[in-house]
Amino acid sequence: MYKVRRWVVRHSRLFESLYFHFEPLLVRLHPLWRRLGYARVEAPMRVVEKGVKGLLFDCQMCGKCVLSSTGMSCPMNCPKTLRNGPCGGVRSNGHCEVKPEMRCVWVEAWTGSRNMREGERIHVVQQPVDYRLKGTSSWLSVVRQQVHEDNGGDQ
Ligand code: SF4
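Residues numbered from 1 in each chain as written. Predicted model: local features only at pLDDT ≥ 70, side-chain atom pairs only at ≥ 80, totals over all residues.

(A) Layout of the environment of Cys 78. Inspection of the secondary structure puts Cys 78 in the loop between helix H4 (38–57) and helix H5 (105–113). In the structure, Cys 78 is positioned 33 residues away from Met 45 in sequence and 25 Å away in space, judged by C-alpha atoms. Residues contacting Cys 78, with those up to four places away along its chain left out, are Gly 85, Val 105 and Trp 106. (Helix = DSSP H or I, 4+ residues; strand = E, 2+ residues; numbered from the N terminus. Contact = placed C-beta atoms within 7 Å.)

Here it is as structure tokens:
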């Protein structure tokens, strides 16, 4: 999957555009998710998300996706799982100090962000990982959050 995720970073603008259309679609389907029950939808959604994002991004299902702020390079593939990087150990060739065969995910993130319309989001400091969310669908989480905001607090 390493080659695939590097390819995705090189085409980060395409994936940014795809997500730009995908997220509103997910949010528009909120009535359906609600009718089915979010708790019931969670498991199948998690399977789909893990399959698609695992293939494309080596997604680790952290539950709170930040790909659109990290050049489509998943920060959870950093051996130190740094949500804000890089650390001081990046080699002069841009590779990781822990896994020297791998390019630093934050070097990749910077590269990917340069191709994106909203690439400046890489400068936003990310919150620490909330491990209570691990294994949950970040897609459904985005829908819930968006609906919550749109309704001024009610789902
Ligand atoms: S940031 Fe989290 S949800 Fe997004 S690709 Fe990485 S592990 Fe998966």
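Having seen the structure, we can now continue with the description.
(B) Local environment of the environment of Arg 35. Relative to the assigned elements, Arg 35 resides in helix H3 (residues 30–36). Here the alpha-carbon distance between Arg 35 and Trp 139, two residues 104 residues apart in the chain, equals 17 Å.

(C) Expanded view of the site of the ligand. What surrounds the ligand is a group of 13 residues, the closest being Cys 59, Cys 62, Cys 65, Cys 74 and Met 76. A per-class count over the shell around the ligand returns 10 nonpolar, 2 polar and 1 charged. (Near = placed C-beta within 6 Å. Nonpolar A, V, L, I, M, F, W, Y, C, P; charged D, E, K, R; others polar.)

(D) Looking closely at the confidence of the model for the protein chain. When the pLDDT values of the protein chain are averaged, the result is 96; 98% of them are 70 or greater. Taking the mean pLDDT of every element in the protein chain, the minimum, 94, falls on helix H6 (residues 138–150) and the maximum, 98, on H5. (pLDDT = per-residue confidence, 0-100.)

(E) Quick look at the packing of helix H2 (residues 12–28) against H6. In the contact formed by H2 and H6, the axes pass within 9 Å of each other and the chain directions differ by 70 degrees. With respect to each other, H2 and H6 are oriented roughly perpendicular. Here H2 and H6 pass one another in a crossing that is right-handed. Contacts between H2 and H6 involve Glu 23, Leu 26 and Val 27 from the former and Trp 139, Val 142, Val 143, Gln 146 and Val 147 from the latter. Partitioned by chemical class, the residues of the contact of H2 with H6 number 6 nonpolar, 1 polar and 1 charged. (Axes fitted to C-alpha atoms, helices over the stretch in contact; angles between N-to-C directions. Parallel < 35°, antiparallel > 145°, perpendicular 65-115°, else oblique. Left-handed = near helix turned anticlockwise from the far one by under 90°.)

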